[in-house]
Amino acid sequence: MSQSTKLLEPYKLGALTLPNRLVMAPLTRNRAVPPGMVPSPLAVDYYGQRASAGLLITEASQVSQQGQGYQDTPGIYSKEQVEGWRRVTDRVHERGGRIFIQLWHVGRISHVALQPNGGAPVAPSAIKAKTKTFVSGTFADVSEPRALELSEIPGIIEDFKRGTANALAAGFDGVEIHGANGYLLDQFARDGTNKRTDAYGGGIENRAKLMLDVSKAVAIEAGADRTGIRISPVTPANDITDSNPQALFDYIVDQLSALKLTYLHVVEGATGGPRDIAPFDYASLRKRFKQAYVANNGYDFALAEKVLEAGAADLIAFGKPFISNPDLVERLKTGAPLNEWDKATFYGGGAKGYTDYPTLKATEAAE
């Protein structure tokens, strides 16, 4: 690792001035406190420790109980959750940071044990995903979903809108809509999961409609300059497929650009996996979207620098390096080595592997 230039430059993102171009990607950590799914005091420390990132994006946070798909993930739909998140944003702002929350509805990637009254998870169509979720301390097959009624869809949009209002009340600088990784908005967009014959099914325009309707509602609530969205055009995550992702996402991104959302956050390749899993022209999305392009997936500092120098992205999102290096920006500035991450502590647990990774200063003081 060598010292960088572009990554450390400030960047104007909507209403915010970021001190550098490093974004901490949303990372599910499964440490919210049940039964209320409130961010824990450890979350205050965790995000506060990483406040030197240009922008922090929180772990995905469900906009309703129905939107939850894994145990111990935080929500943004109750007064207690808003209060818990307020403690997080206060700490981040005390340390000079900027933080968005990622708004989430998992759709069919859930289990009856997590759903209101033990009901079936919801989806565009009643097609069960070939995947597992983490619930009651173990991995279990996701439950059979039911297709959302047309009359229920306004309620989904309203949940995202309410989550946005709650996020602003909790002190967030903005919100990121989770439109990626095979969750509800992505499920509606893809022809592998959406077999509807109503206004939200059929051709690309109809399948994209829920993601775009949610984006409009959130942008009106938060302001477009405080609204970002994450997409993952070719990921196979959560058993998601589409017959023509290029045409689908070219269309979606044209519409998102027209809404003037502040950034487009793109998972390039398979989420957490190979970048080259399927052919896709990301440069097409970059050209179509007039605001900031955030590139994500498998970036090291050398690749990040190359992509920024080429003008192929404005910001780079890092995931695992931020888990194990609370002072990632400082390490980049000084060319210091990085801490290794411990996969065994990614999901669930306490402080171990969450808030106990040493900073450079702490390591030097201990030597």
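Residues numbered from 1 in each chain as written. Predicted model: local features only at pLDDT ≥ 70, side-chain atom pairs only at ≥ 80, totals over all residues. Heavy atoms only, no water.

**A closer look at the overall build of the chain**
- From N to C terminus, the chain includes 12 helices and 14 strands.
- If one aligns the C-alpha atoms of the chain with their principal axes, the spans along those axes are about 65 × 45 × 35 Å.
- Relative to its 367 residues, the chain shows a buried fraction of 59%.
- Put simply, of all contacts in the chain between residues at least 6 apart along the chain, 74% involve residues at least 24 apart.
- With an accessible surface of roughly 13900 Å², the chain has 53% of that area assigned to carbon and sulfur atoms. (Helix = DSSP H or I, 4+ residues; strand = E, 2+ residues; numbered from the N terminus. Buried < 20%, exposed > 50% of the residue type's maximum accessible area, 1.4 Å probe, protein only. Contact = heavy atoms within 4.5 Å. Areas by Shrake-Rupley, 256 points an atom, 1.4 Å probe, with all protein chains shown as cover.)

**Quick word on the packing of aromatic side chains**
- Under the criterion given, the structure shown has 13 aromatic pairs.
- Judged by centre distance (6.3 Å) and plane angle (85°), the ring pair of Phe-188 and Tyr-200 falls under edge-to-face. Pair noted here: Phe-188 is in helix α4 (residues 184-189) and Tyr-200 is in the loop between α4 and α5 (204-207), with a separation of 12 residues, a long-range link.
- The exposure class of Phe-188 is buried, given its relative accessible area of 0%.
- Tyr-200 gets classed as buried once you look at its relative accessible area, which sits at 8%.
- Grouping aromatic residues by their ring pairs yields a cluster made of Tyr-46, Tyr-47, Trp-85, Phe-172 and Tyr-354.
- The aromatic ring of Tyr-299 is capped on one face by Arg-275, whose charged end is 4.5 Å from the ring centroid. (Phe/Tyr/Trp six-rings, centres within 6.5 Å; stacked < 30°, edge-to-face > 60°. Lys NZ or Arg CZ within 6 Å of the ring centre and 35° of its normal.)

**Observations concerning the pattern of salt bridges**
- Within this structure, the stated rule accounts for 19 salt bridges.
- With a shortest N-O distance of 3.8 Å, Glu-9 and Lys-6 are connected by a salt bridge.
- Of the residues examined, Glu-9 reaches a relative accessible area of 30% and is grouped as partly exposed.
- For the salt bridge of Glu-268 with Arg-275, the shortest nitrogen-to-oxygen distance reads 3.0 Å.
- By relative accessible area, which is 6% here, Glu-268 ends up buried. (Salt bridge = Lys/Arg side-chain N within 4 Å of Asp/Glu carboxyl O.)

**Some details on the pairing of strand β11 (residues 227-231)**
- Most of β11 is tucked away, with 5 of its 5 residues classed as buried.
- Of the two faces of β11, both are covered, the one formed by Thr-227, Ile-229 and Ile-231 as well as the one formed by Gly-228 and Arg-230.
- Note that strand β10 (residues 174-178) and β11 share 4 bridges and pair parallel. Within β11, the residue paired with His-178 across the bridge is Arg-230.
- By the bridge criterion, 4 bridges tie β11 to strand β12 (residues 263-267) in an arrangement that is parallel. Directly across from Gly-228, in β12, lies its bridge partner Tyr-263.
- You can see the chain leave β11, run along helix α7 (residues 245-258) and come back into β12, and the turn it takes is right-handed. (Pairing = 2+ DSSP bridges. Right-handed = clockwise from strand over helix to strand, strands pointing away.)

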